[in-house]
Amino acid sequence: MSSVLYDAPGPGAKRRNILYTVGFLVAFAAVAWWVYSALSDKGQLEWVLWKPYLGGSTEAYSTYIWPGLQNTLKAAALAMVIALPLGAVFGIARLSDHVWIRVPASIVVEFFRAIPVLILMIFGNALYADYTDITSDDRPLYAVVTGLVLYNASVLAEVVRAGILSLPKGQSEAAMAIGLRKNQVMRLILLPQAVTAMLPAIVSQLVVIVKDTALGGAVLTFPELLSAANTMSGYYGANTIASLTVVAVIFLALNFSLTSFATWLERRLRRGKKSTGAVVPPSAVADIAGTAGTGAGGGGI
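The structure presented is a predicted model; accordingly, all values stated were derived computationally and were not measured.

(A) The overall build of the chain, seen in detail. When you go through the chain residue by residue, the secondary structure sums to eleven helices and zero strands. The order of α-helices and β-strands along the chain, N terminus first, is α-α-α-α-α-α-α-α-α-α-α. In the chain, which comprises 301 residues, the proportion classed as buried is 37%.

So, in structure tokens, the structure goes:
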């Protein structure tokens, strides 16, 4: 029996798939046992090392983890709020018919997309130290947010541009044919549809923002979640594995929650669309009628 996408496996292929599955499970179990044995031999599984996190006490969470998590969320939220609209503006600007808009936007996007985010953070920290009155306590936060915004806004600009270009050209041509100006086509026709297509890539970049806050803790002494693991490890007797494991689980839960919300939102948006076209509000219908009546089809981004 075959489907549209593939041919159903025969008896021989089924046997091979079973053998591959069994082999993978055996290899996985062997690696897991090796990791467990290595940790046990080094004494990293002793209860005294895990007790601060699993023993019922909240000292580690209230003193180290929660403040670090707050700083991580603060930096990530600020970077998201600034990078999303900035990336949308630059992505749309790269599609402009005007060279004086398209070329500078392309240069800015390609420049900051090519530079590692850690270098941007270091440059930002030096810039704020030499040319601003920002205190040394607040400077790491500003530097981390600056680096995250510059890099991720340029990446999101490419996501926005690719999402708009992925739509059929016939929709733009049909909208222009009924008298819509280019900015109306972008705002009423293309962007509402492209949002659903872009959502998975946008959320993936938001997850990157959350994780990249750790670079500020490693280089700029920004007191985020990962840096809290080093402090906890030193305070609780060099329990590095336990501290990093707890922080890793928190990062997993945080990013999984973000991707789960995005998946739910994407499904909701897809269910809410009754057709492939955008819903034009009554005010836009009046604009269309007026534009068609005057024969003005120009204007644009």
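(B) Expanded view of the packing of aromatic side chains. Inspection of the entire model under this criterion finds ten aromatic pairs. Pairing F24 with F28 gives two aromatic rings, centres 6.3 Å apart and planes at 25°, and the pair type is stacked. Of this pair, F24 and F28 both sit in helix α1 (residues 11–41), separated by four residues, roughly a single helical turn. Grouping residues by exposure puts F24 and F28 together as exposed. Note on Y64 and Y235: the rings are 5.8 Å apart at their centroids and 45° apart in plane angle, and the pair reads as tilted. Here Y235 lies in helix α9 (residues 225–235) and Y64 lies in helix α3 (residues 59–93), a separation of 171 residues in the sequence.

(C) The nonpolar core, seen in detail. By size, the foremost hydrophobic cluster in this structure holds 53 residues, and its most contacted members are I164 and M232. Looking at this core, the elements with two or more residues in it are α2 (47–54), α3, α5 (117–131), α6 (139–165), α8 (182–219), α9 and α10 (240–272). Not counting residues up to four positions away in its chain, the partners in contact with M232 are Y53, A60, Y64, I65, N239, S243 and V247.

(D) Region of interest: α5. Under the 1.5 Å per step criterion, the end-to-end length of α5 is 21 Å for 15 residues, consistent within 8% with the ideal 21 Å. Each element contacted by the buried residues of α5 is listed here: α4 (99–114), α6 and α8.

(E) Region of interest: unusual backbone geometry. For T221, which is not glycine, the phi torsion reads 55° and is therefore positive. Structurally, T221 can be placed in the loop between α8 and α9.

(F) Inspection of the packing of α3 against α6 at higher detail. Running from amino to carboxyl end, α3 crosses α6 at an angle of 40°, the nearest separation of the two axes being 6 Å. Seen along the crossing, α3 lies across α6 with a hand that is right-handed.

(G) Inspection of the confidence of the model for the chain at higher detail. In the predicted model, the chain carries a mean pLDDT of 83, and the fraction of residues at 70 or more is 88%. Here residues 275–280 is modelled with pLDDT under 50, and outside its nearest four sequence neighbours on either side it reaches nine contacts, counting other chains as well. Note that pLDDT drops below 50 for residues 291–299; the model gives that stretch ten contacts with residues more than four away or on any other chain.

(H) Region of interest: the side chain of N152. With respect to the helices, strands and loops of the structure, N152 is situated in helix α6. A polar side-chain atom of N152 sits 2.7 Å from the main-chain carbonyl oxygen of L148.

(I) Layout of the layout of surface pockets. Its volume calculated, the largest pocket comes out at about 340 Å³. If you trace the largest pocket, you find 14 residues lining it, with I164, L165, S172, K182 and L190 closest to the centre. Of all elements in the fold, only α6, α7 (169–177) and α8 reach the threshold of two or more residues within the lining of the largest pocket. Taken together, the residues of the lining of the largest pocket sort by class into nine nonpolar, one polar and four charged.

Procedures and definitions
- Residues numbered from 1 in each chain as written.
- Predicted model: local features only at pLDDT ≥ 70, side-chain atom pairs only at ≥ 80, totals over all residues.
- Heavy atoms only, no water.
- Helix = DSSP H or I, 4+ residues; strand = E, 2+ residues; numbered from the N terminus.
- Buried < 20%, exposed > 50% of the residue type's maximum accessible area, 1.4 Å probe, protein only.
- Phe/Tyr/Trp six-rings, centres within 6.5 Å; stacked < 30°, edge-to-face > 60°.
- Core = buried A, V, L, I, M, F, W, Y, C linked by side-chain atoms within 4.5 Å.
- Contact = heavy atoms within 4.5 Å.
- Expected span 1.5 Å × (residues − 1).
- Axes fitted to C-alpha atoms, helices over the stretch in contact; angles between N-to-C directions.
- Left-handed = near helix turned anticlockwise from the far one by under 90°.
- pLDDT = per-residue confidence, 0-100.
- Polar contact = N/O pair within 3.5 Å; in protein donor to acceptor, adjacent residues only side chain to side chain.
- 1 Å grid on protein atoms, 1.4 Å probe; cavity = no way out; pocket = protein on both sides within 12 Å on 5 of 7 lines; lining within 4 Å.
- Points joined across faces, edges and corners; volume = space filled by probe spheres on them.
- Nonpolar A, V, L, I, M, F, W, Y, C, P; charged D, E, K, R; others polar.

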